Amino acid sequence: MKGLVIRNTGSWYLVHTDDGKDVECKIKGNFRLKGIRSTNPVAVGDRVQIILNQEGTAFISEIEDRKNYIIRRASNLSKQSHILAANLDQCMLIVTVNYPETSTTFIDRFLASAEAYRVPVRLIFNKTDAYNEEELHYMDALINLYTTIGYRCFKVSAREGTGVDLLKEELKERVTLFSGHSGVGKSTLINALLPDLDIKTGEISSYHNKGMHTTTFSEMFPVPGNGYLIDTPGIKGFGTFDMEEEEIGHYFPEIFKTSAGCRYGNCTHRHEPGCAVRKAVEEHLISESRYASYLNMLEDKEEGKYRAAY
């Protein structure tokens, strides 16, 4: 029997079968032996085959080949990855310039990982109703930066409904992953897009200006227009996984494009003479924040560690 994984609680999976049934499944232990160094070898969005044993318990026996997936380093297990979702048409990264603040380091790490796994990303700037003039100015500067690089950006107020109809159009006929820090209004936005769901929303901790986790597992919901929306728990950090040092620059489109002009083909854009990338940063043709994020990811490779601070 074949089906689509529509919920992952960490201990069991809900599979929507091709004949329209929802079946709770476990995974067979041998999945862990196939060289998948992951905390969750099966992810929401996976196409799978399931079998029933004599007691009537369902097991996932096989994962079909994935088109793509989004992966990050598991928070406490540096040798393992955590797959956020599989077989995606796009990601919508929900960011906020305050309440809580999403750092450019976090945005850039997410974008680079999505580039590595060939998943297009849209940046959704939420809570536009909550910002003062200075914060709105900063938001517009970020939108200008990321639009120039080639990422589509949307201004949204989930609470007031501004920009929600535009996003509904973007969700049609696509499988879309929603991600972002806890507290950026992801659940509120999903409720605005799919009012029948009534997903639980949380409060922002005023002490830390950080969100509390409200979504505790990944789940996939059908959306009008033959699409799917995948909701995931809010993530604090985005440790990159399985990237070689010389590859990291490939996942920053503007750095990759500019690097064609470097004197050396294996230039790391840090100290080599004739580096076109550093020259572009000095001339403000490449943003300093993006270059800093690139260097930050190189540091990760050198130190072999996961940085949870972003």
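Just so we're clear, the structure is a prediction, and the values are computed from it rather than from any experiment.

About the criteria used
- Residues numbered from 1 in each chain as written.
- Predicted model: local features only at pLDDT ≥ 70, side-chain atom pairs only at ≥ 80, totals over all residues.
- Heavy atoms only, no water.
- Helix = DSSP H or I, 4+ residues; strand = E, 2+ residues; numbered from the N terminus.
- Buried < 20%, exposed > 50% of the residue type's maximum accessible area, 1.4 Å probe, protein only.
- Areas by Shrake-Rupley, 256 points an atom, 1.4 Å probe, with all protein chains shown as cover.
- Phe/Tyr/Trp six-rings, centres within 6.5 Å; stacked < 30°, edge-to-face > 60°.
- Pairing = 2+ DSSP bridges.
- Right-handed = clockwise from strand over helix to strand, strands pointing away.
- UniProt positions renumbered as here; feature names shortened; annotations may be inferred.
- Contact = heavy atoms within 4.5 Å.
- Core = buried A, V, L, I, M, F, W, Y, C linked by side-chain atoms within 4.5 Å.

Asks: Explain the overall build of the protein to me, and be specific about the residues and the numbers.
Replies: Helices and strands together make up the secondary structure of the protein, namely eight helices and 15 strands. Every one of the 310 residues in the protein was classed for burial, and the buried ones make up 51%. Summed over all atoms, the accessible surface of the protein reaches about 15200 Å², with 48% contributed by carbon and sulfur.

Asks: Please set out the packing of aromatic side chains residue by residue, giving values where relevant.
Replies: Enumeration according to the criterion identifies four aromatic pairs in this entry. Here tyrosine 69 and tyrosine 117 contribute two aromatic rings whose centre-to-centre distance is 4.9 Å and whose plane-to-plane angle is 35 degrees, an arrangement assigned as tilted. Of the two residues, tyrosine 69 sits in strand β6 (residues 69–73) while tyrosine 117 sits in the loop between α1 (104–116) and β9 (121–125), which places them 48 residues apart along the sequence. We classify tyrosine 69 as partly exposed; its relative accessible area is 25%. Since its relative accessible area comes to 16%, tyrosine 117 is described here as buried. Ring geometry for tyrosine 291 and tyrosine 294: centres 6.3 Å apart, planes at 25 degrees, overall stacked. Of this pair, tyrosine 291 and tyrosine 294 both sit in helix α8 (residues 288–303), separated by three residues, roughly a single helical turn. No difference in accessibility class separates tyrosine 291 from tyrosine 294, as the two residues are buried. Members of the aromatic cluster, connected to one another through ring pairs, are Phe252, Tyr291 and Tyr294.

Asks: So, unusual backbone geometry: which residues are in play, and what are the values?
Replies: Cis geometry marks the peptide bond from tyrosine 99 to proline 100, where omega comes out at -5 degrees. With respect to the helices, strands and loops of the structure, proline 100 is situated in the loop between β8 (90–95) and α1. At tyrosine 99, a residue that is not glycine, the phi angle is positive and equals roughly 60 degrees. Within the secondary structure, tyrosine 99 sits in the loop between β8 and α1. Its identity is not glycine, yet histidine 284 carries a phi of approximately 60 degrees, on the positive side. Its relative accessible area of 63% is what places histidine 284 among the exposed residues.

Asks: Account for the pairing of β9, with residues named and values stated.
Replies: Counting buried residues in β9 gives five out of five residues, a clear majority hidden from the surface. Burial along β9 is two-sided: Val121, Leu123 and Phe125 and Arg122 and Ile124, pointing in opposite directions, are all buried. Strand direction decides the pairing type here: β8 and β9, joined by five bridges, are parallel. Within β9, the position partnered with cysteine 91 by the bridge is valine 121. Viewed along the sheet, the connection from β8 through α1 into β9 turns out right-handed.

Asks: Tell me what's going on with the UniProt feature "binding site: Zn(2+)" (unreviewed entry) in the protein, and back it up with residues and numbers.
Replies: Under the UniProt annotation, the feature "binding site: Zn(2+)" (unreviewed entry) is placed at Cys262, Cys267, His269 and Cys275. Within the fold, cysteine 267 resides in the loop between α6 (253–258) and α7 (276–282). Sequence-distant contacts of cysteine 267, that is, excluding residues within four places in its chain, are made with Cys262, Glu272 and Cys275. Position of cysteine 275 among the secondary structure elements: in the loop between α6 and α7. Not counting chain neighbours up to four residues away, the residues in contact with cysteine 275 comprise Cys262, Cys267 and His269.

Asks: Which residues make up helix α4 (residues 186–193), and what values go with them?
Replies: Across the eight residues of α4, six count as buried, placing the element largely inside the fold. Every buried residue of α4 is accounted for by Lys186, Ser187, Leu189, Ile190, Asn191 and Leu193. Buried residues in α4 make contact with β8, β9, α3 (164–171), β11 (175–179) and β15 (227–231).

Asks: Could you give me a rundown of the nonpolar core, with the residues and numbers involved?
Replies: Among the nonpolar cores identified, the biggest contains 58 residues, and Leu88, Leu123, Phe125 and Tyr146 are the most heavily contacted of them. Broken down by element, the residue count for this core peaks at seven residues, all from α1. In this structure leucine 123 touches Leu93, Ile107, Leu111, Tyr146, Arg152, Cys153 and Phe154, once residues within four positions along its chain are discounted. Counting 18 residues, the second largest nonpolar core, distinct from the first, contains Met92, Ala158, Leu171 and Phe221.

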